[in-house]
Amino acid sequence: MIRESAIRIPFRYAAGGAGSRFLAALRDERRILGARCDGCRRVFAPLRSFCSSCGASPLEEIALGPGGRVEAWTARADGTVFALVRLDGADTALLHRLVGLPGEPRRGMRVRARFAAERRASILDIAGFEPEEGASA
Amino acid sequence: MNPVAIVGTGQTRHARARDDASQAELVREAAARALEDAAIEPRDIDAVVIANMELFEGRAWPELWVGEAAFAAGKPCVKVATGGTSGTSGCIAGIHQVASGLFDIVLVVGFEKHSEGHTQTGMTLTDPYWDRAVASGAVGNFALSVSQYMAERGTTERQAAQVAVKARRNAARNPYAHLQMPALTVEEVLASKPLAHPLRMLDMCPQSDGACAIVVASGTRARKLNPRPAWVRAAATRHEQPFIGDIERRLATMRTLREAAREAYAGAGIGNPLKELDVAEIYEPVSYAELAWYEALGFCEEGQAGRLIEEGVTEMGGELPVNPSGGVLSTNPVGASGVIRVAEAALQIHGRGGERQVDGVRTALATGYGVYAWADAIVLADRP
Amino acid sequence: MSAPVHVALEMDQSWRYAAPAAMARFCAGLKERRIEALRCGGCGRRYLPPRPVCGNCHLPLADWVPVADEGRLEAWTVVHVPILDPRTGRMREAPYGMGLVRLDGADTTLNHFLAQSDPARLAIGQRVRAVWREQLAGAIDDIRHFEVLA
Ligand SMILES: [Zn+2]
Ligand SMILES: [Zn+2]
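Residues numbered from 1 in each chain as written. Chains lettered and ligands numbered in written order. Predicted model: local features only at pLDDT ≥ 70, side-chain atom pairs only at ≥ 80, totals over all residues. Heavy atoms only, no water.

## Describing the interface of chain C and chain A
Each partner contributes residues to the interface: chain C has 29 residues there, and chain A has 22 residues. Carbon and sulfur atoms supply 57% of the area buried between chain C and chain A, which totals about 2400 Å² over both sides. Linking chain C with chain A are 2 salt bridges, by the criterion used here. As a salt-bridge pair, C:D12 and A:R8 come within 2.6 Å of each other at their nearest N and O atoms. Taken together, the elements giving at least two residues each to the side of chain C that touches chain A come down to β1 (6-18) and α1 (21-30) of chain C. It is β1(C) that provides the largest number of residues to the side of chain C that touches chain A, a total of 13 residues. Broken down by class, the residue content of the side of chain C that touches chain A amounts to 17 nonpolar, 7 polar and 5 charged. The pairing of strand β1 (residues 2-14) of chain A with β1(C) spans 13 bridges and is classified as antiparallel. Across the sheet, residue A:A6 finds its bridge partner in β1(C), namely C:S14. (Contact = heavy atoms within 4.5 Å. Buried area = accessible area lost by both parts, 1.4 Å probe. Salt bridge = Lys/Arg side-chain N within 4 Å of Asp/Glu carboxyl O. Helix = DSSP H or I, 4+ residues; strand = E, 2+ residues; numbered from the N terminus. Nonpolar A, V, L, I, M, F, W, Y, C, P; charged D, E, K, R; others polar. Pairing = 2+ DSSP bridges.)

## Let's talk about the pattern of salt bridges
For the structure shown, the criterion picks out 55 salt bridges over all chains. In this structure, B:R153 and B:E295 form a salt bridge, with 2.6 Å as the shortest nitrogen-oxygen distance. Of this pair, B:R153 sits in helix α6 (residues 137-153) while B:E295 sits in helix α13 (residues 287-296), and the two are 142 residues apart along the sequence. This pair shows no difference in class: B:R153 is buried, exactly as B:E295 is. For C:D104, the salt bridge identified is with C:R127, shortest N-O distance 2.7 Å. In this pair, C:D104 is assigned in the loop between β8 (96-103) and β9 (110-114) and C:R127 in strand β10 (residues 127-132), connecting sequence segments 23 residues apart. Overall, the relative accessible area of 33% leaves C:R127 in the partly exposed class. Look at the salt bridges and you will find they share partners, linking B:E152, B:R153, B:R249, B:R258, B:E295 and B:E302 into a network. (Buried < 20%, exposed > 50% of the residue type's maximum accessible area, 1.4 Å probe, protein only.)

Okay, here's the thing in structure tokens:
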């Protein structure tokens, strides 16, 4: 005997101090912000309020990329390609999607953020990362 | 069991919606204050316990998203979720980890951001074959039990309203509390919006965003870190059968809380709690529950709880002040609420209670209450 | 400081629950307006809902006993707050009466709706009787609600 049911529940998540600043910078300045820790010298992407490694807070805000390298990637059955992109200047990678690929991506390839025309303070204000000029896929 | 003490506490400002902070930032706010209070560094923490009801925020693995905010990256970290008792259960888990000799310092952090999800819907996700069709959240199932309790004990709506007034008046002396209503009257409680007969809006706890943390330390570390450590004299917990209909006259009997308290009092050598406790921070999600807990916790005989509130025995200046913090009725971020009870009880022993400090506290009780299915009781004292 | 940013989204939740054997038998009975409980051989408690083991004695339960569709109102309330019904996904209309009913022949109580939603007409100890739906689906809401007997 099986019983099935379905409901729809609304949620509303606060991006918080660092998250709001990061998303507003994508929307208003087309900049990708990260955070540098003075304690352990690591640079995190995206911007955050405290250091994941040593716990220090607050951290210094810095702009990253917009170029970077693909560290890992995978393709979904529908063709969407997801990648971990290490932005220039960052020690950690950002999860996003790759767009405008001429063929299969490869690890280490250079990519650059393409910003969406309409931006609304969302991670999708970056439409995706596309191969950099001259980068071979 | 090795000696264990609470040496530091920290909590956030609690509010209806903490839009300024993400879940992780809220946790960091409480955790950083607890470390500062205990005068320790992140590297001093051996392990971390997180308390949260993730169902309410609809976010999987909260311990993953907020763990690093609680200085847990690279350390042992687990989450505890037992409804309203999540926080006290988390504290008991941390206490056990230190008492066993496994760790010297454990940070326990509880948090909830009710503003981000749908708590009452989460509460209705009970047994799909039995009572989900009728489940009516915390308000509905408390109201049922209150009807039995009132009929058996002759408790009046005015007596319950006095509890609601005491809580919000006490909260006005607590800078972190959510509902601070120094001038609230019994008449205003009785005139507030009906939720489920006989419960009204001001009989119920609010839904709050907030976090709270405690630093649990082994005996040798505790003596170095705090001039007046809050020693854990006893910690007990009880579970129940699964369905509300399994429990015989729930508020009137409260076998979970009665049994947990009996074990905790025995462990702490307490014979007459009203005389021997100096302060209590109890988990009262509803005004009527506080009255029922007075009896279950042995503060008075059955049927005498109304007299206790009427005679001011549990007011700030009374024989046994109950919830100087304003309690759950004033502040309820569920995963944090149990940690707040323990932190506030510890604070009273540390002598760091500010305007809500009760004079000369040597022994304090903290309790947790999770739906009808769990109850926790923890006795803290100024001596091991 | 940037103005706070929120991410608002709606999540669809769907479930598919398998009934334990005792519950499946109980639900099959409902389809014929039959209510059965399981009695513990240790403590004698007659359990609704029926379940595999007595939580107090830890003994397996196998002794089915008949239960009436009438009983005593043990607790009641009238709910005024709107609740999202997790069975239907729709908001439940308020106010509505709700109670704990001890059916004759059972020792635990059943949480169900009451036909009456006037607090002045509800009292612990009242006799109540199940009002069944015309179409029976083998679920606890085959009982629409309980009505108070005069
Ligand atoms: Zn660092
Ligand atoms: Zn039994």
